[in-house]
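Inside the fold
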Protein chains: 2
Amino acid sequence: MPGVRDKVAVIGMGCTKFGERWDKSVEDLIVEACYESFEDAGLKPKDIQAAWLGTAWSGELGRTLAYPLKLGFIPITRVENRCASGHDAFINACYAVACGAFDLVLVCGVEKLKDTGLPIPGDYNPTQLYTSRVDTGFLPVTPWAMFALRYFHHYGIPVEEGRRILAKIAVKNHFNGSLSPKAQFQRRITLEEALNAPVVAWPLGLYDCCGIADGAAAAILTRADLAKNFRDDYVLVKGVGMGCGMYQGQVMDDWSLVHVEETVRASRMAYAEAGIKNPRKGIDLAEVHDCFTIHELVIYEDLSFVPRGRAREGVEAGTFELKGELPVNTDGGLKCFGHPLGASGVRMIYEVYKQLQGKAGQRQVEIRNQIGLTHTCAGTPVDSHTAAVAILGLRGA
Amino acid sequence: MPGVRDKVAVIGMGCTKFGERWDKSVEDLIVEACYESFEDAGLKPKDIQAAWLGTAWSGELGRTLAYPLKLGFIPITRVENRCASGHDAFINACYAVACGAFDLVLVCGVEKLKDTGLPIPGDYNPTQLYTSRVDTGFLPVTPWAMFALRYFHHYGIPVEEGRRILAKIAVKNHFNGSLSPKAQFQRRITLEEALNAPVVAWPLGLYDCCGIADGAAAAILTRADLAKNFRDDYVLVKGVGMGCGMYQGQVMDDWSLVHVEETVRASRMAYAEAGIKNPRKGIDLAEVHDCFTIHELVIYEDLSFVPRGRAREGVEAGTFELKGELPVNTDGGLKCFGHPLGASGVRMIYEVYKQLQGKAGQRQVEIRNQIGLTHTCAGTPVDSHTAAVAILGLRGA
C-alpha cells in the first residue's frame, strides 16, 4: 500500500492550555505540550529518534525544539506553511515513519502570538514580487468578509439571514468550548449576543472571528506494527492530503469566491488514501479551520459533508452540533482555542485522538465508524491557501 | 530495507547562476532552476505530484513555489532549517517518495540575499528565551574566528601556520570555482593573495569567508523502480542524515570547540544507511559546507575523511584537490558560489549528480566508487548547528 495508510500510529499526545500565556516562553509551551505527550506514550525525550517542528513565526531551525527538550543531536525538521504548519509537520513525520526511517518520532506545533500579534502580511522580503502586492492593506478578516457577502449573494441568502447562520456556528463552537478545559474561551454565548456583537468587518462580527492565542500541542508517532507495545488504544493515520494554491490568479480568473479549492483537493487526496467514499456517513467527528465562521460554513461543502450551497441546511438541522450526525469542532475549534498558527493542526489531532479513545469527557461524541478528520487552511480568499487534511482512525477501524 | 536507501532516484536537476542577481526576483530564480530540472528530466510542471521548498528567509508557505511554476493545487511543504534548509527539504521529499506517497516530486532550494543581506541574528521573536541572548552581537564570522584560534591552540599549530593551511583551502576552492560557469566567483587566487587579504576577524581574512549571493537549485525525484523510464544515468539516494544541536549548553559544558558534533552525527546516520564503512576510500567526491575555510578544515575530520587533528596533513598532501584522493568542493564550494542559504544544499547535490554522470566538464573528477557526498551545516560554534548529509550514488553503485 503506497503512502501512510495504516503504517503510522499515534501513541501519545499533549496539548497546553491555549490562551494568554504571558508568563510562558515558546520553550515553556513546547515543554508543557511535549512532556504530556511523553507521559501519555510512556516515553522519555531520549527515546525520540527524530522530530518535526511546525511553527509559522515562533522559532527558527530545529534547535527551537532541541534546546528545551534536550533532544540529543537527532534530526529535527522545521516546517512552515503558515496556518497549516502543524499539519504539514505531522504529514512529513508520517512519511518518514511510513518509509521505515525511524521507529519513534515527535511532532510539535507551537506559536506564541499574544506578545507580537499576527505579523503584518505584506511586511515580507522585498525581493519577492508577489507577496507584498497581494497582501498589503489586508487584514485576514477583510477578505473573509468579502467572501461571506459573495457567498450570500451567490446563493441568494439575505445578509441578515446569512449572519444568523454564521452566528449559529459561533454559538455551537462556544458551547463546545465551554466543555474544553484547555480552550482560551470557555463561555457559552447566545444567538442574540453573537448577532449584536460589534461588527469587525461587515458582515462579520466579533464572534465570527477566532482569537489570537498562545499554545502548543505534540504527538508521538511510531510504526503501526510497533504501536501495540505502547498502548492498546492507539490511533492510526488513515490518510493525509495537502493542496497549495497559486496566489490571486485563480481568484480573478477561475474562482467563484464561494469555495476554497485547496481544501477540496487536500480532502480528496486524504479521502482516497483512507478509502472514505461518503464523508458524511463515514466520519465520526471533524476538527476544521474555523478562523472565521464563514470559513467553517464553506468547509462543510469543501469537505463534502454537504452538497455545494447546502451548508446552511446542515447548520439549521444541527448536523454539526455535539449530538448531531457529524459533530464539527467538538472542542470549540479555533473560535474557542484561538489560533496559534503552528499549534492548531496538532491541537485538532489531539482532540480527535481523545475522542476516538473515548476520553473527551463532557464533550464526548458517539464513535461509530472510529474515524475522525482534521483540517487546517492557511491564507485568505484573495491571495491563496495551503490546505491540509489528516484522517485518523482507532486501531482496527 | 528501512529508510530511503536505493528507493529514491534523482532524475533531473537544475541550478541557476549564483551571485548578484539584482534583476531577478525569488520567483525568477525558482523558474530558472526548476525549468532546467524539468528539461533535464523530460518533464513538465504538471507532472509534479508534490513539492518541497527549502528556504530560510526568501519565502513563506508552499505558494512561494506554486505561483511561479503554476503547480496546480498539489501538496507543497516549506522547510526552514537555516543553512541546512535545502538538504532538509530534499531529505523530507525522499521520505515521501520512499514510502510510496508520490511518484514524481520536486525539491527547490532558493535564497535571495544580495538585496537584504543576512538578517541579523538576535533580531527574532522576543518571546523566545534563548535565541536573542546567544546570538546578539555575533556575526557569523566572529565565532568561527574564535573556533579557528581554539583549533590551532588545541593542536599546537602556530597561528601563521594555521592561516597558511586555511589559505590553501581557499586557493583550492577558487581554482575549482574558476572551472564552474555558474559560480559567483570564477577567479583563481594565489596563496599570497589569500594571506595578504584584509583581515575580517583574526585569524580569518577575506578569502577565508564565503560570499553573500542569490541563487536557486532544483531536483526531481522519483521512485527508484521508475527511474529507468526517465534516463539511464539516474542517481540514487544512498543515505541521508541530520543532527540538530541544543544551543550553547554543550559548548560550555561538553565541547572542546574543535569539532562540530552535529556533523559527526548526521554523517554517521547517513554512512550507516549507505553502508559506507571507510568514507576516505568509499567516496569519490564531497561537497561540504565551507562557509569559512576553518569550517571546511574541521569537516574533513567530522566526516571521518581524516582522523581528528590530522586535517592539515590532508591539506598539505593535496588530498582534497580536484586530482587528489578525495576531491572536496569540486565546483568551488560556498567559497565561490556564495551561500544563498536554502539553495546551497541542493546546489551541492547538483554538482555531485553532474560529476557522477561524468558531465562536470573541466572540473570532472575520477569516478571509481560512483558515490558522492553532500553536507550543509547551519549555525555557529557558539549557539548550535543543524547538520545535514545526503549521499548519492550512480545507478548500480
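Above this text you will find the structure in question.
Residues numbered from 1 in each chain as written. Chains lettered and ligands numbered in written order. Predicted model: local features only at pLDDT ≥ 70, side-chain atom pairs only at ≥ 80, totals over all residues. Heavy atoms only, no water.

Throughout the structure, instances matching the rule amount to 58 salt bridges over all chains. B:Lys46 is paired through a salt bridge with B:Asp47; the nearest N and O atoms lie 3.6 Å apart. With relative accessibility at 68%, the residue B:Lys46 sits in the exposed group. Here B:Glu313 ties to B:Arg310 by a salt bridge, and the two come within 2.8 Å at their closest N and O atoms. Given the relative accessible area of 40%, B:Arg310 is considered partly exposed. Linked through salt bridges whose partners overlap, the residues forming this network are A:Asp40, A:Arg231, A:Asp233 and A:Lys359. (Salt bridge = Lys/Arg side-chain N within 4 Å of Asp/Glu carboxyl O. Buried < 20%, exposed > 50% of the residue type's maximum accessible area, 1.4 Å probe, protein only.)

Within a regular strand, the side chains alternate between the two sheet faces. Residue and element names in this part refer to chain A. With nine of nine residues buried, strand 4 (residues 104-112) is to be regarded as a mostly interior element. Going residue by residue along strand 4, you find Leu104, Leu106, Cys108, Val110 and Lys112 tucked away on one face and Val105, Val107, Gly109 and Glu111 tucked away on the opposite face as well. Bridging between strand 2 (residues 50-54) and strand 4 involves five bridges; their strand directions are parallel. In the strand pairing of strand 4, Ala51 is matched with Leu106. (Helix = DSSP H or I, 4+ residues; strand = E, 2+ residues; numbered from the N terminus. Pairing = 2+ DSSP bridges.)

Let's shift gears to the relation of the copies chain B and chain A. Superposition record for chain B on chain A: RMSD 0.0 Å, screw rotation 180°, translation along axis 0.0 Å. Such values leave the two copies arranged in the relation of a two-fold axis. The overlap is high: 100% of the interface residues of chain B also sit at the interface in chain A, so the same surface is used on both sides. (Least-squares fit on C-alpha atoms with pLDDT ≥ 70 in both. Contact = heavy atoms within 4.5 Å.)

The subject of this paragraph is empty space enclosed by the protein. Tallied over the entire structure, the rule returns six cavities of 30 Å³ or more. Computed from the structure, the largest cavity encloses a volume of approximately 60 Å³. As for the largest cavity, its lining consists of 14 residues, and the residues nearest its centre are A:Pro75, A:Thr77, B:Ile91, B:Tyr95 and B:Met242. Listing elements by their share of the lining of the largest cavity, those giving two or more residues are strand 2 and strand 3 (76-79) of chain A together with helix 3 (85-98) and strand 8 (235-244) of chain B. (1 Å grid on protein atoms, 1.4 Å probe; cavity = no way out; pocket = protein on both sides within 12 Å on 5 of 7 lines; lining within 4 Å. Points joined across faces, edges and corners; volume = space filled by probe spheres on them.)

We now examine the interface of chain B and chain A. The interface of chain B with chain A comprises 67 residues on the first partner and 67 residues on the second. Between chain B and chain A, a total of about 5,600 Å² is buried, with carbon and sulfur atoms accounting for 58% of that surface. Taken together, the connections running from chain B to chain A amount to four salt bridges. Residues B:Arg78 and A:Glu80 are paired through a salt bridge, measuring 2.8 Å at the closest nitrogen-oxygen approach. There are 26 residue pairs in polar contact (both at pLDDT 80 or more) connecting chain B and chain A. Elements with a minimum of two residues in the side of chain B that touches chain A: helix 1 (26-41), helix 2 (63-69), strand 3 (76-79), helix 3, helix 4 (131-135), strand 8 and helix 9 (261-274) of chain B. The element contributing the most residues to the side of chain B that touches chain A is helix 3 of chain B, with five residues. (Buried area = accessible area lost by both parts, 1.4 Å probe. Polar contact = N/O pair within 3.5 Å; in protein donor to acceptor, adjacent residues only side chain to side chain.)

Here the focus is the nonpolar core. A:Leu221 and B:Leu221 are the most contacted members of the largest nonpolar core, which has 102 residues in total. B:Tyr271, B:Ala274, B:Phe305 and B:Leu334 belong to the second largest nonpolar core, which has 49 residues in total. (Core = buried A, V, L, I, M, F, W, Y, C linked by side-chain atoms within 4.5 Å.)

Residues and elements named next belong to chain A. The terminal C-alpha atoms of helix 1 (residues 26-41) lie 23 Å apart, and with 16 residues this matches the ideal 22 Å at 1.5 Å per residue to within 8%. Along helix 1, the residues classified as buried are Val26, Glu27, Leu29, Ile30, Ala33, Cys34, Ser37, Phe38 and Ala41. In an axial view of helix 1, the angular spread of the buried residues amounts to 160°, which keeps them on one side of the axis. Buried residues along helix 1 sit against strand 1 (8-15), helix 2 (63-69), strand 4 and strand 7 (214-223). Gly42 sits one or two residues past helix 1 and shows a positive phi near 70°. (Expected span 1.5 Å × (residues − 1). Arc of directions from axis to C-beta.)

This part takes up unusual backbone geometry. In most cases, non-glycine residues show a negative phi, while peptide bonds are predominantly trans. Following A:Trp202, the chain continues into A:Pro203 via a peptide bond in cis, with omega recorded as 10°. Tracing the backbone shows A:Pro203 in the loop between strand 5 (199-201) and strand 6 (204-205). Phi at A:Asn329 takes a positive value of approximately 55°, unusual for a residue other than glycine. For A:Asn329, the position within the fold is in the loop between helix 12 (311-317) and helix 13 (333-337). Here A:Asn329 falls in the buried class, since its relative accessible area comes to 0%. Residues other than glycine seldom take positive phi values, yet B:Leu61 does so here, at roughly 70°. With respect to the secondary-structure elements, B:Leu61 resides in the loop between strand 2 (50-54) and helix 2. Residue B:Leu61 is classed as buried on the basis of its relative accessible area, which comes to 2%.

Glancing now at the packing of aromatic side chains. Applying the stated criterion to the full structure yields 16 aromatic pairs over all chains. Among the aromatic residues, those joined into a cluster by ring pairs are A:Trp52, A:Phe102 and B:Tyr95. Positioned over the ring face of B:Tyr67 is B:Lys70, at 4.1 Å from the centre of the ring. Sitting over the ring of B:Phe337, B:Arg347 keeps its end group 4.8 Å from the ring centre. (Phe/Tyr/Trp six-rings, centres within 6.5 Å; stacked < 30°, edge-to-face > 60°. Lys NZ or Arg CZ within 6 Å of the ring centre and 35° of its normal.)

Glancing now at the environment of B:Glu296. All names here are of chain B. Tracing the chain through its elements places Glu296 in helix 11 (residues 293-302). Owing to a relative accessible area of 0%, Glu296 belongs among the buried residues under this scheme. Not counting residues up to four positions away in its chain, the partners in contact with Glu296 are Ile169, Lys172, Asn173, Val288, Asp290, Val328 and Asn329.

All names here are of chain A. Contact pair helix 5 (residues 141-154) / helix 11 (residues 293-302): the axes reach a minimum separation of 10 Å and the direction vectors enclose 55°. It follows from the interaxial angle that helix 5 and helix 11 lie oblique. Read as a crossing pair, helix 5 and helix 11 show a hand that is left-handed. Judged by residue contacts, Trp144, Phe147, Ala148 and Tyr151 of helix 5 engage Ile294, His295, Leu297, Val298 and Glu301 from helix 11. Classifying every residue of the contact of helix 5 with helix 11 gives seven nonpolar, one polar and one charged. (Axes fitted to C-alpha atoms, helices over the stretch in contact; angles between N-to-C directions. Parallel < 35°, antiparallel > 145°, perpendicular 65-115°, else oblique. Left-handed = near helix turned anticlockwise from the far one by under 90°. Nonpolar A, V, L, I, M, F, W, Y, C, P; charged D, E, K, R; others polar.)

It is worth spelling out the side chain of A:Thr16 at this point. Its place among the elements puts A:Thr16 in the loop between strand 1 and helix 1. Not counting residues within four places of it along the chain, the set of residues in contact with A:Thr16 comprises A:Arg21, A:Leu29, A:Glu32, A:Ala33, A:Lys182, A:Gly215 and A:Ala216.

In this section: the pairing of strand 7 (residues 214-223) of chain B. Residues and elements named next belong to chain B. Counting buried positions over the 10 residues of strand 7 gives nine, a clear majority of the element. Relative to strand 7, strand 1 (residues 8-15) is paired through seven bridges, and the arrangement is antiparallel. Bridging across to strand 7, Val10 finds its partner in Leu221. Both strand 4 (residues 104-112) and strand 7 contribute to a ladder of nine bridges, which runs antiparallel. In the sheet register, Gly109 faces strand 7, and the bridge partner there is Ala217.

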